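The primary structure of each chain is shown beneath.
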Amino acid sequence: MNITLPDGSIRKMENGSTGLDLANDIGPGLAKAAIAVSVNNIQRDLSDPINEDSEVSIITIDSDEGLEIMRHTLTAQVLARAVKNLYPNTKLAIGPTIKDGFYYDFEFVKPIAPDDLDKIEKEMQKIVNSKSSITKKLQTKKEALKAFNSAGESYKESIIEESEQEEDFQLYYQDDDAFVDLCRGPHLPSLKHIGAFKLTKLAGAYWKGDSKNKMLTRIYGTAWKNEKDLNAYLHSIEEAEKRDHRKIGKEMNLFHFQEEAPGMVFWHPNGWTVYRLLQDFMRDKLQAFDYQEINTPLVVDRKLWEASGHWDKYRENMFITEIDEEHANEKRTNALKPMNCPCHVQVYNQGLKSYRDLPVRYAEFGSCHRYEASGTMHGLMRVRGFTQDDGHIFCTEEQIETETKLFIELLSSTYKDLGFEKFDIKLSTRPETRVGSDEVWDKAESALESAIKKLDLPYEIEEGDGAFYGPKLDFVLTDAIGREWQCGTFQADFNLPDRLDAEYVGEDGQKHRPVMIHRAVLGSFERFIGVLIENYSGKLPFWLAPVQVAVATIISDVNDYASDVINQLENHGIRCHEDFRNEKISYKVREHSAAKVPVIMALGKREKESQTVSIRRIGSDKTTSMSLEDAVKALTVENSVPN
RNA sequence: GCUCAUAUAGCUCAGCGGUAGAGCACUUGCUUGGUAAGUAAGAGGUCACCGGUUCAAGUCCGGUUAUGAGCUCCA
């Protein structure tokens, strides 16, 4: 048979030759490094026979594929075995690879503690040191079931049970046959190819990811081809932890949370300054794109939520309020709004709208409350009380495309101004259960798609992932260390205008339903500020920094000059912090640097005499001197809000 | 919501049955010092909350609340 290699060359091999035979044929070095083989783009074990003309490449640990196979073997053959050695009655569930590592789900008889990971890790190392080779046996469904049944591995049994195949279940063994695992493969031919690894955490996870099922114990780990890569990875994790907005929020005195209001932010002066600046910035953007800002009630009678459908579908996430019976004349049940859309329809419905009025674009910095499950909250990123940069566009079906295009322009200009150059677009199309005719869906989906195309932007399609009421676009931005955050959204809605009876008079003099588009650029201010903090490690751009200039005196004789400097800066709208304390300048510099103040002005005798300032920028240890006048001018320019 | 862990001074943490500790921050004194920690002293705590075991409970055991890591959820 003919084997085509990645470089295009063709090698003649005997039918039934294995990947290992091929590697040997190419060279002994490759044979030694080979860990698996890719046959017509399907990964196979090195020992699998190849029976027909194929395109084949040898996988080594140096490739991403190879690394993944190594991680897979590490979890399925080494971690699973180590756990079985130490805790013999543990049941094995599943153990896949994930980004940078792997996990394995177990059902332990007695729960284990994080400290036990050390012990397991040592046992794993012992197994790896055996350098066992790994062999595979193929069994029928019946044989496989029997094997795992007698071993008491009920999860494996159920995996086999539910499988549609009858033959060729792959069972992998190490040299001593003492451990066997069912696996899709491929695996390393030998444990000697295992690189550097570390178990990282312990957590619960539902069997098959279903919260109705039993909670298993999941052990996470990371693995790399050598010690150096492992350390680099661990280091990058540490670096990401340093950016944690909860930690930086504390250091910069931006906000706090407390027990009496879980998931609700207490904004401190510094944090609220950032919040206000971002909101003002957003307000200008919206105005430039012809939105009209409105404001609607926080507390609204359940009748409206019943009409909108939220009472049925969303009630468990709503804060419901009742009025103290003793003092109320009438009992009514209200809810804190979890979304702004029904209220926006109320505003739209005031007065008759003509097709000439469309599109109507309402914006609201809408304060919403959602009762999020307790385990889901996470700093500013997931809260119960938040404010959306929300907006709703009422338009005709024909206008969807233009509105999509305009929105993407608004969004990309906003992200760019805030320092995010890269974002991805995801188009989610019709789900199985939905409202609206196929014809309308066709129109809306193609309107969204063609708008993106006209802007020449890349996008991905998420088939069937749309909301029941319409297709949507999600916008995912990438931060400074490559993490992705879904912030913006643009959702067509054929449902709510109908439920809440929104209409306009068309050219034909008849009443029609407008399409409603829900859209947000930042998502919520709370979360977006979290993203900004993590993106910038707290070192916000000058215009967004809560304190922009720390004016620190070197000797108390220059306090009067320093006050003058502060006055001039503040008169130009620059936010200053006065530091006249009886401390050394290095002490002050250290403190303001830690607080991530973008500019530190150190003022001493020299500056006072020459009417200059000495400027030190965050992240640099250089100082530059310039006249006070020039400094005020330069900082004023730098302080202008991007647009 | 589920699993596991955590809760001690403003912050970061130590203490793990017998009078509550450290570093930083804070206050005061001395020091006026040129770009990431001058110096000495002082003050600061219902050890999250409720209950139990014990002669004795931050410390052991239950429960509650919050937080953290995952899981589930995010019409």
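**Student:** I would appreciate a short explanation of the protein's contact with RNA strand B in the present structure.
**Tutor:** Around RNA strand B, the structure places 48 residues, and the nearest of them are Ile554, Asn582, Arg590, Ser614 and Arg616. Among all atoms of RNA strand B positioned within 4 Å of the protein, those belonging to sugar or phosphate total 49%. The side chain of tyrosine 220 places a nitrogen or oxygen atom 3.0 Å from a sugar or linking oxygen of RNA strand B. Within the contact set of RNA strand B, a base oxygen lies 2.9 Å away from a side-chain nitrogen or oxygen of arginine 382. Every element with two or more residues in the surface near RNA strand B is listed here: strand E12 (196-206), strand E13 (215-224), helix H8 (245-251), helix H11 (310-313), helix H18 (585-594), helix H19 (605-610) and strand E32 (612-617). The biggest single contributor to the surface near RNA strand B is H18, with six residues. Residues of the surface near RNA strand B, tallied by class, amount to 16 nonpolar, 17 polar and 15 charged.

**Student:** Explanation requested: the layout of surface pockets in the structure shown.
**Tutor:** Empty space among the atoms becomes visible once a probe the size of a water molecule is rolled across them. One number sums up the size of the largest pocket: a volume of about 1,000 Å³. Mapped by element, the contributors of at least two residues to the lining of the largest pocket are H11, strand E21 (385-395), strand E25 (484-493), helix H15 (496-499) and strand E28 (515-524). Here the element with the most residues in the lining of the largest pocket is E28; it accounts for six residues.

**Student:** Would you take a moment to explain the packing of aromatic side chains for this structure?
**Tutor:** Both the distance between ring centres and the angle between the ring planes are used here to describe each pair of aromatic rings. Under the definition given, this model contains 25 aromatic pairs. For the pair tyrosine 104 and phenylalanine 106, a centre-to-centre distance of 4.8 Å together with 20° between the ring planes defines the contact as stacked. Here tyrosine 104 and phenylalanine 106 have matching classes, each one buried. Their ring planes at 85° and their centres at 5.2 Å tell us that phenylalanine 365 and phenylalanine 525 sit as a pair that is edge-to-face. Of this pair, phenylalanine 365 sits in strand E20 (residues 360-369) while phenylalanine 525 is found in helix H16 (residues 525-536), placing the two residues 160 residues apart along the sequence. For phenylalanine 365, a relative accessible area of 10% corresponds to the buried category. For phenylalanine 525, a relative accessible area of 0% puts it in the buried group. One aromatic cluster is present, built from ring pairs that chain together Phe255, Phe257, Trp267, Trp272, Tyr275, Phe365 and Phe525. Lysine 201 extends its terminal NZ or CZ atom over the ring of tyrosine 220, reaching a point 5.5 Å from the ring centre. In this arrangement the basic side chain of arginine 218 is found over the ring face of tyrosine 103, its NZ or CZ atom lying 3.7 Å from the centre.

**Student:** Please explain the pattern of salt bridges as it appears in this structure.
**Tutor:** Note on pairing: side chains with opposite charge can pair once their charged atoms come close. Evaluated as defined, the whole model comprises 49 salt bridges. The salt bridge involving arginine 617 is made with glutamate 638; its shortest N-O contact spans 2.9 Å. On the criterion of sequence distance, the pair formed by arginine 617 in strand E32 and glutamate 638 in helix H20 (residues 628-638) is long-range, its members being 21 residues apart. Each of Arg430, Arg434, Asp438, Asp442 and Glu445 takes part in salt bridges that share partners, so that together they form one network.

**Student:** Looking at this structure, how should I read the sheet that holds E21?
**Tutor:** Think of a sheet as strands paired side by side through backbone hydrogen bonds, with each pair either parallel or antiparallel. Reading across the sheet, the eight strands line up as E16-E20-E21-E28-E25-E24-E22-E23 and stay open at both edges, with mixed pairing between neighbours. The open sheet has two free edges, formed respectively by strand E16 (292-293) and strand E23 (460-462), since each of these has just one partner strand. Note that strand E22 (residues 423-428) and strand E24 (residues 472-478) share six bridges and pair antiparallel. Paired with aspartate 424 across the two strands is valine 476, which belongs to E24. Across the sheet, helix H12 (residues 341-349) touches E20, E21 and E28, and the angle it forms with E20 is around 145°. Contacts from helix H13 (residues 400-417) reach E20, E21, E22, E24, E25 and E28 within the one sheet, and its direction differs from that of E28 by about 5°.

**Student:** Explain helix H9 (residues 269-288) to me, please; I cannot follow it from the model alone.
**Tutor:** Along an α-helix, a turn takes 3.6 residues, which lines up residues three or four apart on a common side. Compared with an ideal rise of 1.5 Å per residue, which puts 20 residues at 28 Å, H9 spans 29 Å between its outermost C-alpha atoms and is within 8% of the ideal. Every buried residue belonging to H9 is among Gly271, Thr273, Val274, Tyr275, Leu277, Leu278, Gln279, Phe281, Met282, Lys285 and Leu286, and all of these are buried. Taken together, the buried residues of H9 touch strand E15 (266-267), E20, E21, H13, E28 and H16. Looking at the residues trailing H9, positive phi occurs at aspartate 290, about 60°.

**Student:** Even after reading the chapter, I still don't get the pairing of E13, so can you show me in this structure?
**Tutor:** Across the ten residues of E13, nine count as buried, placing the element largely inside the fold. Pairing geometry for strand E8 (residues 101-107) and E13, over six bridges, is antiparallel. Each bridged residue has a counterpart across the sheet, and for phenylalanine 106 the counterpart in E13 is threonine 217. Inspection of the sheet shows E12 paired to E13 by ten bridges, in the antiparallel sense.

Calculation criteria
- Residues numbered from 1 in each chain as written.
- Chains lettered and ligands numbered in written order.
- Predicted model: local features only at pLDDT ≥ 70, side-chain atom pairs only at ≥ 80, totals over all residues.
- Heavy atoms only, no water.
- Near = heavy atom within 4 Å.
- Polar contact = N/O pair within 3.5 Å; in protein donor to acceptor, adjacent residues only side chain to side chain.
- Helix = DSSP H or I, 4+ residues; strand = E, 2+ residues; numbered from the N terminus.
- Nonpolar A, V, L, I, M, F, W, Y, C, P; charged D, E, K, R; others polar.
- 1 Å grid on protein atoms, 1.4 Å probe; cavity = no way out; pocket = protein on both sides within 12 Å on 5 of 7 lines; lining within 4 Å.
- Points joined across faces, edges and corners; volume = space filled by probe spheres on them.
- Phe/Tyr/Trp six-rings, centres within 6.5 Å; stacked < 30°, edge-to-face > 60°.
- Buried < 20%, exposed > 50% of the residue type's maximum accessible area, 1.4 Å probe, protein only.
- Lys NZ or Arg CZ within 6 Å of the ring centre and 35° of its normal.
- Salt bridge = Lys/Arg side-chain N within 4 Å of Asp/Glu carboxyl O.
- Pairing = 2+ DSSP bridges.
- Contact = heavy atoms within 4.5 Å.
- Axes fitted to C-alpha atoms, helices over the stretch in contact; angles between N-to-C directions.
- Expected span 1.5 Å × (residues − 1).

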